[in-house]
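# Coordinate analysis (summary)
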Amino acid sequence: LRNRDIEDDGEGLIVNIPGCPQVARTTLPARRVPVTRAWEARLRELMAEPGIDPDEFVTWPRVTDNRPNLQAITAGLGRHIPDRSRRPVINRLRTTWLVGHLQAGVPADVICQGAGYSTVESLARYMQYVESPDLATQTRLLRGDASTER
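Given the structure is predicted, the values throughout are model-derived calculations rather than measurements.

## Structural notes on the environment of Trp97
Along the chain, the position of Trp97 falls in helix α3 (residues 93-103). For Trp97 and Ala115, which are 18 residues apart along the polypeptide, the C-alpha to C-alpha distance reads 9.0 Å. Sequence-distant contacts of Trp97, that is, excluding residues within four places in its chain, are made with Val33, Thr36, Ile111, Gly114 and Ala115.

Structure below.
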């Protein structure tokens, strides 16, 4: 994620993800993904640092190499988020994002679009991490009541 890939659309931050060929045996399409409100303030802080270079990666300055490794990413996050309990674990970020949106009741097709998946079957492996709502909420949802709050 480079500084140039983030924009403010007036309602919040958007990450413009370029297409990515041959990731996990498939090609991920270019897409625009809103930043969750929980991360928006911290991302704005990072973007406000003086002398920011659009080609640098957001989490660590002065790195423009196209092939940063996990160690470099983790070190960059450590500089910006010293509290380990608040620091994301790199290899869990995507799973956390997906499960969080599934748990919140975001429609599967919307999640797939943001994740770059072509089918909802791609979400199946994450369903084991989604907590089922209580019986009353399940009943309300299956009846088609307007509220989907859990």
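## Brief notes about the sheet that holds strand β5 (residues 31-34)
Taken together, 3 strands build an open sheet; the order of strands is β1-β2-β5 and the sheet is antiparallel. In this open sheet, the two strands that pair with only one neighbour each are β1 (6-8) and β5. The sheet shows a mean angle of 30° between the axes of neighbouring strands, direction not considered. Two strands pair when backbone bridges link them, and β1 and strand β2 (residues 13-17) are joined in this way by 3 bridges, in the antiparallel orientation. The residue of β2 that forms the bridge with Glu7 is Ile14.

## A word on α3
One turn of the α-helix equals 3.6 residues, which is why residues spaced by three or four share an orientation. Buried residues of α3: Leu98, Val99, His101 and Leu102, and no others. One face of α3 carries all of its buried residues, which in axial projection span an arc of 165°. The secondary structure elements touched by the buried residues of α3 are α4 (108-115). Looking at the residues trailing α3, positive phi occurs at Gly105, about 85°.

How each quantity is defined
- Residues numbered from 1 in each chain as written.
- Predicted model: local features only at pLDDT ≥ 70, side-chain atom pairs only at ≥ 80, totals over all residues.
- Heavy atoms only, no water.
- Helix = DSSP H or I, 4+ residues; strand = E, 2+ residues; numbered from the N terminus.
- Contact = heavy atoms within 4.5 Å.
- Pairing = 2+ DSSP bridges.
- Axes fitted to C-alpha atoms, helices over the stretch in contact; angles between N-to-C directions.
- Buried < 20%, exposed > 50% of the residue type's maximum accessible area, 1.4 Å probe, protein only.
- Arc of directions from axis to C-beta.

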